[in-house]
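Close look at the chain arrangement
Single-letter residue listing:
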Amino acid sequence: EAEASEIRAELERRDDEERRLLTRLTVSMATRSAILQVGARHLQMEVEEGASRLEATRLEVERRDAQLQGQQHELTSLKQQHSALCLQVRESIPPVSVMCRVRPSES
């Protein structure tokens, strides 16, 4: 009877130890799961923020590309105007040989 009592006490001690170990393991797993969920949410937020920055950058590139195209069009137009004005000036000024023949009225 004393031996049976000792065995029961040892079994109860082991059961208590196993319950404590199981409780610690459960708490540890729950804590790790929560940490992983928080980490996953943090990563998701970083991905969303990165996607938002990428979209903003894409829109800025499109805006600058449109601006550059407008400036290139304006440059082409200004070059054409410059060429046309140069041609008009060239046509309105007589050649040097004609200018040399024109004498002031006093001479």
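Heads up: these notes are all about the structure in this document.

Reading the values: the criteria
Within each chain, residues carry numbers counting from 1 in the order of the written sequence. Confidence filtering applies because this is a predicted model: local features only for residues at pLDDT of at least 70, side-chain atom pairs given and counted only at 80 or more, and all residues used for totals across whole chains, interfaces and linings. To get the side-chain values, all heavy atoms of the structure are used, and hydrogens and water are removed first. Segments assigned H or I by DSSP are reported as helices when at least four residues long, segments assigned E as strands when at least two residues long, and all are numbered from the N terminus. When accessible area is computed with a 1.4 Å probe and restricted to protein chains, residues below 20% of their type maximum are described as buried, those above 50% as exposed, and intermediate ones as partly exposed. Here the open area of atoms and residues is found with the Shrake-Rupley method and a 1.4 Å probe, where only the protein chains shown may cover a residue. Salt-bridge detection follows one rule: a side-chain nitrogen of Lys or Arg within 4 Å of a carboxyl oxygen of Asp or Glu. Two joining distances apply to patches: 9 Å for like charges and 5 Å for nonpolar side chains (Val, Leu, Ile, Met, Phe, Trp, Tyr), and every residue must have over 30% relative accessible area and no salt bridge.

**Here's the deal with the overall build of the protein chain**
Each helix and strand counted, the protein chain has two helices and zero strands in total. Relative to its full complement of 107 residues, the protein chain shows a buried share of 0%. About 10200 Å² of surface is accessible on the protein chain, with carbon and sulfur atoms providing 59% of the total.

**Topic: the pattern of salt bridges**
If the charged atoms of two oppositely charged side chains come close together, the side chains can form a pair. Scanning all chains against the criterion turns up nine salt bridges. As a salt-bridge pair, R53 and E49 come within 2.8 Å of each other at their nearest N and O atoms. Taken as a pair, R53 and E49 lie in helix α1 (residues 2-92) at a separation of four residues, close to a single helical turn. Put simply, E55 and R58 hold a salt bridge, and the shortest N to O gap is 2.4 Å. In this pair, E55 and R58 both sit in helix α1, three residues apart, roughly one turn of the helix. What makes R58 partly exposed here is its relative accessible area of 36%.

**Considerations on a nonpolar patch on the surface**
Judged by side-chain polarity, L22, L25 and M29 come together as a nonpolar surface patch covering roughly 320 Å² of accessible area. With respect to the element layout, L25 can be found in helix α1. Look at L25 and you get partly exposed, because its relative accessible area is 47%.

Function cannot be inferred from these measures alone, as they are strictly geometric.
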